[in-house]
Amino acid sequence: MKFYQSELRLRPFQRGFHLVTEMVLEGISEITEIQIGMLQVFIKHTSASLTINENADPTVRIDFESHMNQMIPEGAPYYIHTYEGPDDMPAHIKASLLGSSVQIPITNGRLNLGIWQGIYLAEHRNNAAGRNLVLTAYGS
């Protein structure tokens, strides 16, 4: 079994949902050496998250952001953790709901995603700096 790991620093993104599949692939080119395996993508932050969803129509990403903001609004009167602004606690809740990692099968040296699937960075802060991802590929 082979194991590869790298860390990828993403540029700052505006708040919303962003396709990062190609950036992830550039960050760990060694997946081409794996015939059967897995890629785990982990984000080292508590106010952004990762998910997999449609990679074709950008309105899906807009709708995701709109719905998350309706479901988890800023300025709820019961929030106590607001040290970094009104988007602070909502960002933590959104990140916990979506999660900090995704796992994708590797087949014949390529990610085995569905035809319309891509890896999303969900940026939940208004003014976030770049984000760090840990990419771990393993298999034979």
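It should be emphasised that the depicted structure is a prediction, and the values quoted were computed from it without experimental measurement.

Our next topic: the sheet that holds strand β6 (residues 110–111). One open sheet holds the 5 strands; their spatial order is β1-β8-β3-β5-β6, and the pairing between them is antiparallel. If you trace the sheet from one side to the other, it starts and ends with β1 (2–10) and β6, each paired once. Bridge analysis of β1 against strand β8 (residues 131–139) gives 9 bridges, and the strand direction is antiparallel. Residue pairing in the sheet places Leu 10 in a bridge with Arg 131 of β8.

Let us look at the layout of surface pockets. Empty space within the largest pocket amounts to approximately 210 Å³. Forming the boundary of the largest pocket are Leu 19, Thr 21, Glu 22, Leu 25, Asn 55, Arg 110, Leu 111, Leu 113, Gly 114, Ile 115, Gln 117 and Gly 118. Those elements that provide at least two residues to the lining of the largest pocket are α1 (21–27), β6 and β7 (117–123). Looking at which element gives the most residues to the lining of the largest pocket, the answer is α1, with 3 residues. Looking at the lining of the largest pocket residue by residue, the classes come out as 5 nonpolar, 5 polar and 2 charged.

A few words on the environment of Ala 128. By the secondary structure assignment, Ala 128 is in the loop between β7 and β8. Note: C-alpha distance between Ala 128 and Arg 11 (117 residues apart in sequence) is 9.8 Å. Residues in contact with Ala 128, not counting those within four places in the same chain, are Pro 12 and Glu 123.

Attention now goes to the packing of aromatic side chains. In total, this model carries 5 aromatic pairs according to the counting rule given. Residues Phe 3 and Tyr 138 carry aromatic rings whose centres are separated by 5.8 Å and whose planes lie at 20° to one another, so their mutual orientation is stacked. One end of the pair, Phe 3, is in strand β1; the other, Tyr 138, is in strand β8, with 135 residues separating them in the sequence. Looking at Tyr 138, the relative accessible area reads 24%, which means it is partly exposed. Grouping aromatic residues by their ring pairs yields a cluster made of Phe 17, Phe 64 and Tyr 120. Of note, Arg 11 hangs over the ring of Phe 13, and the distance from its end group to the ring centre comes to 3.9 Å.

What counts and what doesn't
Residues numbered from 1 in each chain as written. Predicted model: local features only at pLDDT ≥ 70, side-chain atom pairs only at ≥ 80, totals over all residues. Heavy atoms only, no water. Pairing = 2+ DSSP bridges. Helix = DSSP H or I, 4+ residues; strand = E, 2+ residues; numbered from the N terminus. 1 Å grid on protein atoms, 1.4 Å probe; cavity = no way out; pocket = protein on both sides within 12 Å on 5 of 7 lines; lining within 4 Å. Points joined across faces, edges and corners; volume = space filled by probe spheres on them. Nonpolar A, V, L, I, M, F, W, Y, C, P; charged D, E, K, R; others polar. Contact = heavy atoms within 4.5 Å. Phe/Tyr/Trp six-rings, centres within 6.5 Å; stacked < 30°, edge-to-face > 60°. Buried < 20%, exposed > 50% of the residue type's maximum accessible area, 1.4 Å probe, protein only. Lys NZ or Arg CZ within 6 Å of the ring centre and 35° of its normal.

Any functional reading would require information beyond the geometric quantities listed.
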